[in-house]
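Descriptive analysis of the structure
Okay, here's what each chain looks like letter by letter:
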Amino acid sequence: ESANLDEAAEKIRISKTLDLAASCSSDNSVIAVDSIHDALLQKLIEQGGHLASGDDYQKIAAVLWKDGHLNAKAVVLRPQVLCKMAGVEIPDDRLFIIMPETGVGPEHPYSGEKLSVIMAFYRVPDIDAAVALTNSIQAYQGMGHSCGIYSNNDENILKLGLGTKTSRIMVNQPQSSSNSGNLWNG
């Protein structure tokens, strides 16, 4: 709730779209607390995000995963190419897909690795729920990798840092470019 939402949305877009999300450090899931969820969603749309709806969830999933595994022919593509493969309409100016998600595990495929310009978008009540959800997502796919937080509240930053099982935590930085060292962290 203390994040600069304009900066957060811009940096999430930078991370999600770098090399069409080929990096394992590209933002896989975004968890927003209730108080800023709708505002952040709007900022992400302003940054070029396309909010998936209706049958988009199943149509895109049917193309992105085959027999429970990522389909190599469907990853690291522009969102328009992936959506065309799935029979989903998306405007030409959209840079990434925001996929609302509610759960974690095989029944919620977007909670796992996607290697695509799709981010799972979650709503939680507070930082404690965000830490718990981060741990659940990473326990499913990604344990020990990395995560980030957009916050100007040291208590929340430390809660995430001490409460998750990750090797790197980026604070107010785009994940994909900063995990390896970049202009945001020297």
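Figured I'd write up the structure that's included with this text. Predicted, not measured: the structure shown is a model, and the values here were computed from it. (Residues numbered from 1 in each chain as written. Predicted model: local features only at pLDDT ≥ 70, side-chain atom pairs only at ≥ 80, totals over all residues. Heavy atoms only, no water.)

With that settled, the discussion passes to the side chain of Asn71. Topologically, Asn71 is positioned in the loop between β4 (69-70) and α4 (79-86). A distance of 3.0 Å separates a polar side-chain atom of Asn71 from the backbone oxygen of Val63. Discounting residues that sit within four places of it in the chain, Asn71 has contacts with Val63, Leu64, Trp65 and Lys66. (Helix = DSSP H or I, 4+ residues; strand = E, 2+ residues; numbered from the N terminus. Polar contact = N/O pair within 3.5 Å; in protein donor to acceptor, adjacent residues only side chain to side chain. Contact = heavy atoms within 4.5 Å.)

What follows covers the pairing of strand β6 (residues 118-124). Note on strand geometry: in a regular strand, side chains alternate between the two faces of the sheet. Counted residue by residue, β6 has six buried out of seven residues, so it is predominantly covered. When strand β1 (residues 29-33) meets β6, the two strands line up parallel, connected through five bridges. Counterpart to Ala32 in the pairing with β6 is Arg123. Direction of pairing for strand β5 (residues 96-100) relative to β6: parallel, over a ladder of four bridges. In the sheet register, Ile98 faces β6, and the bridge partner there is Met119. (Buried < 20%, exposed > 50% of the residue type's maximum accessible area, 1.4 Å probe, protein only. Pairing = 2+ DSSP bridges.)

Rolled over the atoms, a probe as big as a water molecule pinpoints where empty space is left. By volume, the largest pocket amounts to about 820 Å³. In terms of lining residues, the largest pocket is bounded by 37 residues, among which Ser29, Val30, Ile31, Cys147 and Gly148 are the most central. Of all the secondary structure elements, the ones that give two or more residues to the lining of the largest pocket are α1 (5-17), β1, α2 (34-46), α5 (127-140), β7 (144-149) and α6 (154-163). Residue classes in the lining of the largest pocket are distributed as 19 nonpolar, 15 polar and three charged. (1 Å grid on protein atoms, 1.4 Å probe; cavity = no way out; pocket = protein on both sides within 12 Å on 5 of 7 lines; lining within 4 Å. Points joined across faces, edges and corners; volume = space filled by probe spheres on them. Nonpolar A, V, L, I, M, F, W, Y, C, P; charged D, E, K, R; others polar.)

Let us look at the nonpolar core. Counting 49 residues, the largest nonpolar core has Leu40, Leu44, Ile60 and Tyr110 as the members making the most contacts within it. The element best represented in this core is β6, accounting for six residues. The contact partners of Ile60, leaving out residues within four places of it in the chain, are Leu82, Cys83, Ala86, Val88, Ile97, Met99, Tyr110 and Ile118. (Core = buried A, V, L, I, M, F, W, Y, C linked by side-chain atoms within 4.5 Å.)

What follows covers the pairing of β7. Where β7 meets strand β8 (residues 166-171), five bridges bridge the pair, whose relative direction is parallel. Opposite Cys147, over in β8, you have Ile169 as the bridge partner. For the crossover from β7 across α6 to β8, the handedness is right-handed. (Right-handed = clockwise from strand over helix to strand, strands pointing away.)

Turning our eyes to something else, we now look at the sheet that holds β1. Read across the open sheet, the four strands follow the order β1-β6-β5-β2; overall the sheet is parallel. Of all strands in the sheet, those with a lone pairing partner are β1 and β2 (49-51), marking the two edges. Sheet twist, expressed as the average angle between the axes of neighbouring strands with direction ignored, equals 30°. This element, α2, spans β1, β2, β5 and β6 of the sheet and lies at about 155° to β6. (Axes fitted to C-alpha atoms, helices over the stretch in contact; angles between N-to-C directions.)

Each pair of aromatic rings is reported with the distance of its centres and the angle of its planes. Scanning the entire structure with this criterion turns up two aromatic pairs. Judged by centre distance (4.7 Å) and plane angle (70°), the ring pair of Tyr57 and Tyr110 falls under edge-to-face. Placement of the pair is Tyr57 in helix α3 (residues 56-64) and Tyr110 in the loop between β5 and β6, with a sequence separation of 53 residues. Residues Tyr57 and Tyr110 agree in their burial class; the two are buried. On the numbers, 5.2 Å between centres and 80° between planes, the contact of Trp65 with Tyr110 is edge-to-face. Of this pair, Trp65 sits in strand β3 (residues 65-66) while Tyr110 sits in the loop between β5 and β6, and the two are 45 residues apart along the sequence. Grouping residues by exposure puts Trp65 and Tyr110 together as buried. Pairwise contacts between aromatic rings join Tyr57, Trp65 and Tyr110 into one cluster. (Phe/Tyr/Trp six-rings, centres within 6.5 Å; stacked < 30°, edge-to-face > 60°.)

Take α1 next. The end-to-end C-alpha distance of α1, which contains 13 residues, comes to 18 Å, matching closely the 18 Å that a straight helix rising 1.5 Å per residue would cover. Regarding α1, the residues found buried are Leu5, Ala8, Ala9, Lys11, Ile12, Ser15 and Lys16. Contacts made by the buried residues of α1 are with β1, α2, β5, β6 and α7 (175-178). Where α1 starts, the residue carrying a side-chain oxygen 3.1 Å from the main-chain nitrogen of Asp6 turns out to be Asn4. (Expected span 1.5 Å × (residues − 1).)

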